[in-house]
Amino acid sequence: MINYKDLGLVNTRDMFARAMKGGYAIPAFNFNNMEQLQAIIQACAETKSPVILQVSKGARQYANQTLLRYMAEGAVEYAKELGLKHPEIVLHLDHGDSFETCKSCIDMGFSSVMIDGSHLPYDENVALTKKVVDYAHQFDVTVEGELGVLAGVEDEVSSDHHTYTRPEEVVDFVTKTGCDSLAISIGTSHGANKFKPEQCTRDANGVLVPPPLAFDVLDGVMKELPGFPIVLHGSSSVPQEEVATINKYGGALKDAIGIPEEELRKAAASAVCKINIDSDSRLAMTAAIRKVFVEKPAEFDPRKYLGPARDNMKKLYEHKIVSVLGSAGKLAEE
Ligand SMILES: O=C(CO)COP(=O)(O)O
Ligand SMILES: O=C[C@H](O)COP(=O)(O)O
Ligand SMILES: [Zn+2]
Ligand SMILES: [Zn+2]
């Protein structure tokens, strides 16, 4: 049993309270490998931003959960080396799928967990989330629950149909479970193809324009739960210049489209305190690597393509922090 506080990590409580007051959101970036983690920490150190490092089930399988945990511990020291006296780094389990997974993360030093019972019948979601909260809170670990189903991977019935969060359920859910934040569904989804072309319109230049998010649902939730931290999953913007680079250098991404950054700015200014971004980092990494492979086909030192990939991800993370989420300069102590 290791407590995250001994690793220099923090939970989300204070971070979210400040983000709520200040009208900005904390970036939640997924990481699976060293270059991604370096890019995240470099971006946070330069912008003096708090950050949530997310580990998914897929990341645990790919990289090993113990190794990722030690990498996050190392990230605290790395952030200090880069000049932050008091880094604020959360190590968070993304989409925890069982009590056992959440417990094992808490026991090895995670400071925050998501228990995703959104696909379960309501009462089962409540019971599972409460069980995780009761365990987590003994160690001051914060818990994110979820109500509503995101389109796509979370929605196994059909990807056409998604279920927005029902504002009339949120007070009951939060009261019964004691969760610290709530992920909601208002039209975002995971991956780089968030909308079908037929759901979109086209602007004067023929560029796809996605349908707007359901801000009325977010408003409804905020009315029911004033001051409660809300989380948005599936919030990559799918930068079209990265998509174009990937396709120029041999990729085959079709109809890739994300959430316009203007909508994320609006969400960040509201009760949305955590914005999850993974796909954009994957696109930035892939674009940079493809470019090197095509332009320098004789290169075989991985540092020569993973280095540019890291730089491109760092640029993306900084952009999100500074120009979209507004978390730059928001550390509690300098
Ligand atoms: O929600 C996410 C991780 O939980 C990531 O969403 P994106 O696929 O939009 O980056
Ligand atoms: O929620 C999804 C995240 O982007 C993690 O994705 P993954 O399950 O492929 O690691
Ligand atoms: Zn979910
Ligand atoms: Zn997610």
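All residue numbers here refer to positions counted from 1 along the written sequence of the relevant chain. Each chain gets a letter, beginning with A, and each ligand a number, beginning with 1, in the order they are written. Local features are withheld for residues below a pLDDT of 70 in this predicted model, meaning they are given only at 70 or higher, and side-chain atom pairs are given and counted only at 80 or more; totals for whole chains, interfaces and linings count all residues.

## Some remarks on the packing of helix α6 (residues 122-137) against helix α7 (residues 167-177)
Put simply, the rule is: Here an axis means a line fitted to C-alpha atoms, over the contact stretch when the element is a helix, while the angle between two N-to-C directions is reported on a 0 to 180 degree scale. A helix here means a DSSP run of H or I that spans at least four residues, while a strand means a run of E at least two residues long, and both kinds are numbered starting from the N terminus. The sense of a crossing depends on the near helix, which, turned anticlockwise from the far helix by less than a right angle, makes the crossing left-handed and, turned clockwise, makes it right-handed. The contact rule is simple: place each C-beta atom from the backbone, and if two of them lie within 7 Å, those residues are in contact. Any residue outside Ala, Val, Leu, Ile, Met, Phe, Trp, Tyr, Cys, Pro, Asp, Glu, Lys and Arg is labelled polar, Gly included; the first ten of those are nonpolar and the last four are charged.
Interaxial distance between α6 and α7 falls to 8 Å at its minimum, and their mutual angle equals 35°. Where α6 crosses over α7, the handedness of that crossing is right-handed. Packed against α6, whose contacting residues are Y122, V126, T129, K130 and V133, the element α7 presents E169, F173, K176 and T177 at the interface. Within the contact of α6 with α7, the residues separate by chemical class into 4 nonpolar, 2 polar and 3 charged.

## Focus: the nonpolar core
Inclusion rule: Residues enter a nonpolar core if they are buried, belong to Ala, Val, Leu, Ile, Met, Phe, Trp, Tyr or Cys, and are joined to the set through C-beta atoms within 7 Å. Backbone-placed C-beta atoms define the burial measure: a residue is buried with 20 or more other C-beta atoms within 10 Å of its own, exposed with 12 or fewer, and partly exposed in between.
Core analysis: the biggest nonpolar cluster contains 90 residues, and A25, I40, L53, I89, V113, V272 and I275 have the highest contact counts within it. Apart from residues lying up to four places away in sequence, V272 is in contact with A25, I230, L232 and A267.

## Quick notes on the site of ligand 1
Using the following cut-off: All residues are tested the same way: a C-beta atom is placed from the backbone, and lying within 6 Å of a molecule or strand makes the residue near it.
Taken together, 14 residues lie near ligand 1, and H233, S236, N276, D278 and S279 sit nearest. Those elements giving two or more residues to the shell around ligand 1 turn out to be β3 (89-96), β10 (272-277) and α11 (279-295). Here the residues of the shell around ligand 1 sort into 1 nonpolar, 10 polar and 3 charged.

## Side note on unusual backbone geometry
The bulk of non-glycine residues show a negative phi, and the bulk of peptide bonds are trans. Positive phi outside glycine occurs at D140, with the angle close to 60°. Tracing the sequence through the fold places D140 in the loop between α6 and β5 (142-147). In this model, V238 sits at a positive phi of 55°, which is unusual for a non-glycine residue.

## So, the site of ligand 2
Near ligand 2 you find N30, S56, K57, G58, A59, D94, H95, H190 and D278, and these make up its full shell. Elements with a contribution of two residues or more to the shell around ligand 2: α3 (57-63) and β3. Per-element tally for the shell around ligand 2: the top contributor is α3, with 3 residues. Of the residues belonging to the shell around ligand 2, the class tally is 1 nonpolar, 5 polar and 3 charged.

## Things to note about the environment of E318
Tracing the backbone through its elements, the reader meets E318 in helix α12 (residues 302-325). For the pair E318 and Q42, spaced 276 residues apart in sequence, the C-alpha to C-alpha distance is 8.9 Å. Every residue in contact with E318, bar those within four places of it in the chain, is listed here: A43, E46 and T47.

## Looking at the UniProt feature "active site" (unreviewed entry) in the chain
Selection rule: UniProt positions are given in the numbering used here, feature names are shortened, and annotations may be inferred rather than shown by experiment.
Per the UniProt record, "active site" (unreviewed entry) is annotated on D94. On the secondary structure map, D94 appears in strand β3. Judged by the 23 C-beta atoms lying within 10 Å of it, D94 is buried. The residues touching D94, leaving out its near neighbours within four places in the chain, are N30, Q54, V55, S56 and M114.

## Notes on the UniProt feature "binding site: Zn(2+) 1" (unreviewed entry) in the chain
The sites that UniProt annotates as "binding site: Zn(2+) 1" (unreviewed entry) are H95, H190 and H233. Spatial clustering of the annotated residues is evident: they stretch over 139 residues in sequence, but the largest pairwise C-alpha distance comes to 11.9 Å. As for its position among the elements, H95 is in strand β3. On the basis of neighbour counts, which here come to 23 C-beta atoms within 10 Å, the residue H95 falls in the buried class. Among all residues touching H95, those that are not within four sequence positions of it are S56, K57, M114 and D116. Structurally, H233 is set in the loop between β9 (230-232) and α9 (240-248). Setting aside anything within four residues of it in sequence, one finds H233 in contact with L150, A183, T188, H190 and N276.

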